[in-house]
Amino acid sequence: MFSIKDCPAVSLAFRGNAVKLATFSLKGQREPRLGAVDKSSALILDLSSLGVQGGMLELIQDGEAGLDGVRKLYDAAPASAWMPLSDVALHAPLSVPRNIFCVGKNYYAHAREFHDSGYDAGSKSGDAIPAFPIVFSKATTAVIGPQEPIPSYLDETNTVDYEGELAVVIGRGGRGITQTEALDHVFGFTILNDVTSRKLQRDHAQWFIGKSLDGFCPMGPWIVTADEVADPHALDLRCFVNGEKRQESNTCHLVFDIWQQVEHLSTAMTLEPGDCIFTGTPGGVGAAMDPRQFLKAGDVVRCEIDGLGHIEATMIA
Ligand code: MG
(Lines give C-alpha, C1' and ligand atoms only; values in the text may rest on other atoms or scores of the structure.)
Protein backbone atom coordinates (compact mmCIF):
# COMPACT_ATOMS: atom_id res chain seq x y z
CA MET A 1 0.00 0.00 0.00
CA PHE A 2 1.12 3.56 0.31
CA SER A 3 1.91 5.85 3.15
CA ILE A 4 0.62 9.31 3.87
CA LYS A 5 3.01 11.66 5.52
CA ASP A 6 1.75 13.32 8.66
CA CYS A 7 0.73 16.91 8.13
CA PRO A 8 1.32 19.56 10.75
CA ALA A 9 -1.73 19.72 13.01
CA VAL A 10 -1.73 23.50 12.92
CA SER A 11 -0.72 25.18 9.71
CA LEU A 12 0.94 28.56 9.96
CA ALA A 13 1.87 28.51 6.34
CA PHE A 14 1.87 32.25 5.72
CA ARG A 15 3.61 35.08 7.44
CA GLY A 16 0.54 37.19 6.76
CA ASN A 17 2.38 39.95 4.97
CA ALA A 18 2.15 38.71 1.43
CA VAL A 19 3.24 40.72 -1.56
CA LYS A 20 0.93 39.70 -4.38
CA LEU A 21 2.14 40.55 -7.87
CA ALA A 22 -0.35 40.59 -10.71
CA THR A 23 -0.48 41.20 -14.42
CA PHE A 24 -3.61 43.08 -15.42
CA SER A 25 -5.17 45.42 -17.93
CA LEU A 26 -7.36 48.42 -17.42
CA LYS A 27 -11.01 48.07 -18.42
CA GLY A 28 -11.42 48.45 -22.17
CA GLN A 29 -7.70 48.03 -22.81
CA ARG A 30 -5.58 45.01 -23.65
CA GLU A 31 -2.11 46.26 -22.77
CA PRO A 32 -0.73 44.18 -19.90
CA ARG A 33 0.43 46.10 -16.84
CA LEU A 34 2.26 45.06 -13.71
CA GLY A 35 0.44 45.46 -10.42
CA ALA A 36 0.66 44.78 -6.70
CA VAL A 37 -2.46 43.66 -4.86
CA ASP A 38 -3.04 44.80 -1.29
CA LYS A 39 -3.42 42.50 1.71
CA SER A 40 -7.21 42.52 1.57
CA SER A 41 -7.17 41.53 -2.12
CA ALA A 42 -9.55 44.42 -2.81
CA LEU A 43 -7.15 46.99 -4.28
CA ILE A 44 -4.43 47.01 -6.91
CA LEU A 45 -1.51 49.36 -7.42
CA ASP A 46 -0.51 50.06 -11.03
CA LEU A 47 3.26 49.58 -10.87
CA SER A 48 3.62 50.26 -14.59
CA SER A 49 2.27 53.79 -14.13
CA LEU A 50 4.78 54.30 -11.29
CA GLY A 51 7.80 53.73 -13.49
CA VAL A 52 8.37 49.98 -13.24
CA GLN A 53 9.63 48.94 -16.65
CA GLY A 54 8.67 45.66 -18.30
CA GLY A 55 6.37 42.92 -17.15
CA MET A 56 6.46 40.04 -14.69
CA LEU A 57 9.24 38.17 -16.47
CA GLU A 58 11.52 41.20 -16.37
CA LEU A 59 10.70 41.72 -12.69
CA ILE A 60 11.61 38.10 -11.96
CA GLN A 61 14.85 38.48 -13.91
CA ASP A 62 15.70 41.59 -11.87
CA GLY A 63 15.81 39.44 -8.75
CA GLU A 64 15.96 41.02 -5.30
CA ALA A 65 16.65 44.49 -6.68
CA GLY A 66 13.39 44.43 -8.63
CA LEU A 67 11.40 43.21 -5.64
CA ASP A 68 12.95 45.81 -3.35
CA GLY A 69 11.82 48.50 -5.78
CA VAL A 70 8.28 47.13 -5.79
CA ARG A 71 8.17 46.98 -2.00
CA LYS A 72 9.24 50.62 -1.76
CA LEU A 73 6.51 51.67 -4.18
CA TYR A 74 3.99 49.52 -2.31
CA ASP A 75 4.83 51.10 1.04
CA ALA A 76 4.99 54.66 -0.28
CA ALA A 77 1.91 54.68 -2.52
CA PRO A 78 -0.77 57.14 -1.41
CA ALA A 79 -4.32 55.86 -1.01
CA SER A 80 -5.27 57.63 -4.24
CA ALA A 81 -2.88 55.42 -6.23
CA TRP A 82 -4.82 52.23 -5.42
CA MET A 83 -7.66 51.10 -7.71
CA PRO A 84 -10.45 48.66 -6.89
CA LEU A 85 -9.41 45.22 -8.09
CA SER A 86 -12.90 44.85 -9.54
CA ASP A 87 -12.09 47.65 -11.99
CA VAL A 88 -9.35 45.72 -13.79
CA ALA A 89 -9.03 42.47 -15.72
CA LEU A 90 -6.48 40.05 -14.29
CA HIS A 91 -4.25 38.19 -16.74
CA ALA A 92 -2.15 35.15 -15.94
CA PRO A 93 0.58 36.60 -13.72
CA LEU A 94 3.21 35.24 -16.11
CA SER A 95 1.42 35.17 -19.45
CA VAL A 96 4.17 33.15 -21.16
CA PRO A 97 6.17 31.07 -18.69
CA ARG A 98 9.62 30.31 -20.04
CA ASN A 99 9.01 26.61 -19.56
CA ILE A 100 6.25 24.65 -17.89
CA PHE A 101 7.41 21.54 -16.06
CA CYS A 102 4.54 19.44 -14.74
CA VAL A 103 4.90 16.66 -12.21
CA GLY A 104 2.44 13.83 -12.68
CA LYS A 105 0.91 11.49 -10.09
CA ASN A 106 2.53 13.50 -7.32
CA TYR A 107 -0.04 13.23 -4.53
CA TYR A 108 -0.48 9.78 -3.03
CA ALA A 109 -4.27 9.71 -3.41
CA HIS A 110 -4.19 10.97 -7.00
CA ALA A 111 -1.40 8.60 -8.02
CA ARG A 112 -3.56 5.69 -6.91
CA GLU A 113 -6.82 6.93 -8.40
CA PHE A 114 -5.25 7.82 -11.76
CA HIS A 115 -3.41 4.50 -11.92
CA ASP A 116 -6.80 2.78 -11.57
CA SER A 117 -8.80 5.18 -13.76
CA GLY A 118 -8.25 3.55 -17.13
CA TYR A 119 -6.64 6.73 -18.49
CA ASP A 120 -3.07 6.10 -17.32
CA ALA A 121 -1.23 4.88 -20.41
CA GLY A 122 1.69 3.77 -18.25
CA SER A 123 -0.31 1.94 -15.62
CA LYS A 124 0.36 -1.58 -16.94
CA SER A 125 3.98 -1.22 -15.97
CA GLY A 126 5.07 0.07 -12.64
CA ASP A 127 3.47 0.91 -9.36
CA ALA A 128 0.82 3.52 -8.65
CA ILE A 129 3.31 5.60 -6.67
CA PRO A 130 6.20 6.65 -8.93
CA ALA A 131 9.75 5.95 -7.80
CA PHE A 132 10.99 9.01 -9.68
CA PRO A 133 9.10 12.20 -10.54
CA ILE A 134 7.05 11.86 -13.72
CA VAL A 135 7.85 15.10 -15.52
CA PHE A 136 6.04 16.26 -18.62
CA SER A 137 5.46 19.62 -20.21
CA LYS A 138 2.47 21.71 -21.14
CA ALA A 139 2.51 24.17 -24.02
CA THR A 140 2.82 27.76 -22.81
CA THR A 141 0.12 28.70 -25.35
CA ALA A 142 -2.38 26.96 -23.06
CA VAL A 143 -1.98 29.66 -20.39
CA ILE A 144 -4.96 31.98 -19.84
CA GLY A 145 -6.05 34.39 -17.12
CA PRO A 146 -7.54 33.31 -13.79
CA GLN A 147 -11.13 34.17 -14.76
CA GLU A 148 -11.00 33.52 -18.51
CA PRO A 149 -13.34 30.89 -19.97
CA ILE A 150 -11.90 27.48 -20.84
CA PRO A 151 -12.63 26.46 -24.47
CA SER A 152 -13.78 22.93 -23.70
CA TYR A 153 -15.06 22.59 -27.29
CA LEU A 154 -11.43 22.19 -28.46
CA ASP A 155 -11.45 18.68 -26.98
CA GLU A 156 -13.54 16.69 -29.43
CA THR A 157 -13.26 13.61 -27.21
CA ASN A 158 -15.38 15.27 -24.49
CA THR A 159 -13.12 14.06 -21.71
CA VAL A 160 -12.07 17.40 -20.21
CA ASP A 161 -10.95 17.15 -16.59
CA TYR A 162 -9.69 19.54 -13.92
CA GLU A 163 -6.52 19.42 -11.81
CA GLY A 164 -6.14 22.13 -9.19
CA GLU A 165 -2.45 22.65 -8.38
CA LEU A 166 0.20 24.78 -6.73
CA ALA A 167 2.65 26.34 -9.19
CA VAL A 168 6.22 27.28 -8.31
CA VAL A 169 7.76 30.19 -10.22
CA ILE A 170 11.53 29.98 -10.51
CA GLY A 171 13.41 33.19 -9.76
CA ARG A 172 17.16 32.72 -9.83
CA GLY A 173 18.17 30.14 -12.39
CA GLY A 174 20.77 27.48 -12.00
CA ARG A 175 21.92 23.96 -12.52
CA GLY A 176 22.70 21.33 -9.93
CA ILE A 177 20.52 23.02 -7.31
CA THR A 178 20.30 20.90 -4.16
CA GLN A 179 17.18 20.53 -2.04
CA THR A 180 18.66 22.75 0.65
CA GLU A 181 19.41 25.47 -1.91
CA ALA A 182 16.09 25.22 -3.74
CA LEU A 183 14.18 27.88 -1.78
CA ASP A 184 16.74 30.50 -2.84
CA HIS A 185 15.78 29.82 -6.45
CA VAL A 186 12.02 30.22 -6.01
CA PHE A 187 10.47 33.58 -6.87
CA GLY A 188 6.97 32.76 -5.69
CA PHE A 189 3.85 30.67 -5.86
CA THR A 190 0.56 30.79 -7.75
CA ILE A 191 -2.44 28.59 -8.61
CA LEU A 192 -3.30 26.80 -11.81
CA ASN A 193 -5.82 24.39 -13.21
CA ASP A 194 -3.95 21.75 -15.24
CA VAL A 195 -6.97 21.16 -17.51
CA THR A 196 -6.60 17.88 -19.36
CA SER A 197 -8.23 15.92 -22.15
CA ARG A 198 -8.10 12.47 -20.57
CA LYS A 199 -8.63 10.56 -23.82
CA LEU A 200 -5.90 12.49 -25.64
CA GLN A 201 -3.64 12.03 -22.62
CA ARG A 202 -4.10 8.27 -22.87
CA ASP A 203 -4.18 7.89 -26.66
CA HIS A 204 -0.93 9.76 -27.26
CA ALA A 205 0.83 8.02 -24.35
CA GLN A 206 3.05 11.04 -23.80
CA TRP A 207 0.84 13.53 -21.93
CA PHE A 208 1.92 16.70 -23.76
CA ILE A 209 -0.94 16.86 -26.30
CA GLY A 210 -3.73 16.04 -23.86
CA LYS A 211 -2.47 18.75 -21.50
CA SER A 212 -1.76 21.46 -24.05
CA LEU A 213 -4.99 22.46 -25.74
CA ASP A 214 -5.34 26.22 -26.12
CA GLY A 215 -6.79 27.74 -22.97
CA PHE A 216 -6.32 24.60 -20.89
CA CYS A 217 -4.22 26.36 -18.26
CA PRO A 218 -5.93 29.08 -16.23
CA MET A 219 -3.34 30.61 -13.88
CA GLY A 220 -3.37 33.20 -11.16
CA PRO A 221 -4.78 35.23 -9.66
CA TRP A 222 -1.28 36.56 -8.80
CA ILE A 223 2.13 35.44 -7.61
CA VAL A 224 2.78 35.48 -3.86
CA THR A 225 6.50 36.00 -3.35
CA ALA A 226 8.42 33.14 -1.78
CA ASP A 227 9.66 35.13 1.20
CA GLU A 228 6.06 35.53 2.37
CA VAL A 229 5.31 31.82 2.38
CA ALA A 230 6.83 30.32 5.51
CA ASP A 231 6.06 26.74 4.50
CA PRO A 232 4.83 25.88 1.00
CA HIS A 233 4.35 22.30 2.15
CA ALA A 234 1.55 23.24 4.55
CA LEU A 235 -1.00 24.79 2.18
CA ASP A 236 -4.58 23.58 1.95
CA LEU A 237 -5.88 23.36 -1.60
CA ARG A 238 -9.35 22.65 -2.94
CA CYS A 239 -11.15 22.40 -6.28
CA PHE A 240 -14.89 22.83 -6.84
CA VAL A 241 -17.11 22.12 -9.85
CA ASN A 242 -20.36 24.08 -9.77
CA GLY A 243 -19.86 24.54 -6.03
CA GLU A 244 -19.37 20.83 -5.34
CA LYS A 245 -16.04 20.12 -3.64
CA ARG A 246 -14.13 17.59 -5.73
CA GLN A 247 -10.56 17.94 -4.48
CA GLU A 248 -9.28 18.77 -1.01
CA SER A 249 -5.79 18.16 0.26
CA ASN A 250 -2.67 19.82 1.61
CA THR A 251 0.68 20.29 -0.06
CA CYS A 252 2.22 18.19 2.71
CA HIS A 253 0.87 15.19 0.78
CA LEU A 254 3.15 15.71 -2.22
CA VAL A 255 5.02 12.54 -3.12
CA PHE A 256 8.04 14.58 -4.27
CA ASP A 257 8.13 17.90 -2.46
CA ILE A 258 9.04 21.18 -4.11
CA TRP A 259 12.70 21.07 -3.10
CA GLN A 260 13.07 17.55 -4.47
CA GLN A 261 11.40 18.64 -7.70
CA VAL A 262 13.84 21.53 -8.13
CA GLU A 263 16.78 19.21 -7.47
CA HIS A 264 15.58 16.54 -9.92
CA LEU A 265 14.94 19.06 -12.70
CA SER A 266 18.11 21.06 -12.25
CA THR A 267 20.23 17.93 -12.13
CA ALA A 268 19.22 17.39 -15.74
CA MET A 269 18.83 20.91 -17.09
CA THR A 270 19.47 24.54 -16.34
CA LEU A 271 16.50 26.25 -14.73
CA GLU A 272 15.95 29.86 -15.72
CA PRO A 273 13.97 32.79 -14.30
CA GLY A 274 10.34 32.46 -15.32
CA ASP A 275 10.28 28.69 -15.47
CA CYS A 276 7.20 27.25 -13.78
CA ILE A 277 6.88 23.93 -11.99
CA PHE A 278 3.34 22.57 -11.67
CA THR A 279 3.62 20.44 -8.58
CA GLY A 280 0.82 17.95 -9.18
CA THR A 281 -2.84 17.54 -8.30
CA PRO A 282 -4.45 15.78 -5.33
CA GLY A 283 -7.09 13.08 -5.49
CA GLY A 284 -10.62 13.73 -6.71
CA VAL A 285 -10.31 14.24 -10.47
CA GLY A 286 -13.40 13.56 -12.58
CA ALA A 287 -11.82 10.68 -14.50
CA ALA A 288 -11.50 8.72 -11.26
CA MET A 289 -15.09 9.25 -10.08
CA ASP A 290 -17.70 6.51 -10.38
CA PRO A 291 -19.34 7.26 -12.71
CA ARG A 292 -16.76 9.47 -14.39
CA GLN A 293 -17.58 13.16 -14.38
CA PHE A 294 -16.03 15.15 -17.20
CA LEU A 295 -16.46 18.89 -17.55
CA LYS A 296 -19.11 20.21 -19.90
CA ALA A 297 -20.10 23.61 -21.25
CA GLY A 298 -21.43 25.86 -18.52
CA ASP A 299 -19.56 24.17 -15.69
CA VAL A 300 -17.73 26.52 -13.34
CA VAL A 301 -14.41 25.28 -11.95
CA ARG A 302 -12.84 26.97 -8.94
CA CYS A 303 -9.39 26.13 -7.62
CA GLU A 304 -8.23 27.69 -4.38
CA ILE A 305 -5.18 27.56 -2.12
CA ASP A 306 -5.28 29.13 1.32
CA GLY A 307 -3.27 32.32 1.38
CA LEU A 308 -2.81 32.42 -2.40
CA GLY A 309 -6.40 33.09 -3.46
CA HIS A 310 -8.51 31.38 -6.10
CA ILE A 311 -9.05 31.08 -9.84
CA GLU A 312 -12.48 30.43 -11.32
CA ALA A 313 -13.36 29.66 -14.92
CA THR A 314 -16.43 28.71 -16.89
CA MET A 315 -16.31 26.02 -19.53
CA ILE A 316 -17.59 27.34 -22.84
CA ALA A 317 -19.09 25.43 -25.76
MG1 MG B 1 -1.37 18.06 -13.31
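Only a predicted model underlies this, so the values are computations on that prediction, with no experimental measurement involved. (Residues numbered from 1 in each chain as written. Predicted model: local features only at pLDDT ≥ 70, side-chain atom pairs only at ≥ 80, totals over all residues. Heavy atoms only, no water.)

Draft legend 1. Inspection of the overall build of the chain at higher detail. Of the regular secondary structure elements, the chain holds 5 helices and 19 strands. For the chain, whose C-alpha radius of gyration is 19 Å, the value lies close to the compact-globule estimate of 20 Å for 317 residues. Summarising its shape, the C-alpha atoms of the chain cover approximately 60 × 45 × 35 Å along the three principal directions. Buried residues in the chain amount to 54% of all 317 residues. When the accessible area of the chain is evaluated, it comes to approximately 13400 Å², of which 52% is carbon and sulfur surface. Averaging the locations of the 26 positively and 40 negatively charged side chains of the chain gives two centres separated by 3 Å. (Helix = DSSP H or I, 4+ residues; strand = E, 2+ residues; numbered from the N terminus. Rg over C-alpha atoms; globule rule 2.2 N^0.38 Å. Buried < 20%, exposed > 50% of the residue type's maximum accessible area, 1.4 Å probe, protein only. Areas by Shrake-Rupley, 256 points an atom, 1.4 Å probe, with all protein chains shown as cover. Lys, Arg positive; Asp, Glu negative; His and termini not counted. Charge placed at Lys NZ, Arg CZ, Asp CG, Glu CD.)

Draft legend 2. How the structure looks around the environment of Ser 117. Mapped onto the elements of the fold, Ser 117 is located in the loop between helix H2 (108-115) and strand E7 (134-137). You can call Ser 117 buried: its relative accessible area is 7%. Put simply, Ser 117 and Arg 292 are 175 residues apart on the chain and 9.1 Å apart in space, counted from C-alpha to C-alpha. Once you skip the residues sitting within four places of it in the chain, Ser 117 turns out to touch Ala 287, Ala 288 and Arg 292. (Contact = heavy atoms within 4.5 Å.)

Draft legend 3. Spotlight on helix H1 (residues 56-76). With 21 residues, H1 extends just 21 Å between its outermost C-alpha atoms, more than 12% less than the 30 Å of an ideal straight helix rising 1.5 Å per residue. When the local axis directions of H1 are compared, the greatest deviation, roughly 120°, occurs at Gly 63. Buried within H1 are the following residues: Met 56, Leu 59, Ile 60, Gly 66, Leu 67, Val 70, Arg 71 and Tyr 74. (Expected span 1.5 Å × (residues − 1). Bend = angle between axes of the 7 residues up to and from the residue.)

Draft legend 4. The arrangement of a nonpolar patch on the surface in detail. Residues Tyr 153, Leu 154 and Ile 316 make up a contiguous nonpolar surface patch of roughly 270 Å² in combined accessible area. Tracing the backbone shows Tyr 153 in the loop between strand E9 (150-151) and strand E10 (160-161). In this structure Tyr 153 comes out as partly exposed when scored by relative accessible area, which is 47%. (Patch = residues over 30% accessible without salt bridge, like charges linked within 9 Å, V, L, I, M, F, W, Y side chains within 5 Å. Salt bridge = Lys/Arg side-chain N within 4 Å of Asp/Glu carboxyl O.)

Draft legend 5. Fine view of the sheet that holds strand E19 (residues 309-316). On the basis of which strands lie adjacent, the open sheet formed by 5 strands has the order E9-E19-E18-E15-E16 and mixed pairing. Strand pairing shows two members of the sheet lacking a second neighbour, E9 and strand E16 (244-250), which therefore form its edges. Summarising the sheet, strand E15 (residues 236-241) and strand E18 (residues 300-305) pair through 5 bridges and their orientation is antiparallel. For Phe 240, the partnering residue across the bridge sits in E18 and is Arg 302. (Pairing = 2+ DSSP bridges.)

Draft legend 6. Fine view of the pattern of salt bridges. Inspection of the entire model under this criterion finds 21 salt bridges. Among the ionic pairs, Glu 248 bridges to Lys 245, the shortest N-O distance being 3.1 Å. Assessed through its relative accessible area of 49%, Glu 248 is described here as partly exposed. Bridged by salt links that share partners, the residues Lys 138, Asp 161, Glu 163, Asp 194, Arg 198 and Lys 211 form one connected network.

Draft legend 7. The pairing of E16, seen in detail. In terms of strand pairing, E15 meets E16 through 6 bridges, oriented antiparallel. Each residue of the ladder has a partner; that of Cys 239, found in E16, is Gln 247.

Draft legend 8. Structural context of the nonpolar core. Ranked by size, the top nonpolar core spans 49 residues in total, and within it Phe 189 and Ile 277 carry the most contacts. Among the elements that take part in this core, helix H5 (residues 258-268) stands out by supplying 4 residues, more than any other. Listed in part, the 37 residues of the second largest apolar core include Ala 92, Leu 94, Cys 276 and Ala 287. (Core = buried A, V, L, I, M, F, W, Y, C linked by side-chain atoms within 4.5 Å.)

Draft legend 9. Focus on the packing of aromatic side chains. Throughout the structure, instances matching the rule amount to 4 aromatic pairs. Here the aromatic rings of Phe 114 and Trp 207 are separated by 5.7 Å at their centres, their planes lie at 80°, and the arrangement is edge-to-face. On the criterion of sequence distance, the pair formed by Phe 114 in helix H2 and Trp 207 in the loop between helix H3 (198-203) and helix H4 (208-211) is long-range, its members being 93 residues apart. For the pair shown, Phe 114 and Trp 207 are each scored as buried. Through successive ring pairs, a cluster of aromatic residues spans Phe 114, Phe 136 and Trp 207. (Phe/Tyr/Trp six-rings, centres within 6.5 Å; stacked < 30°, edge-to-face > 60°.)

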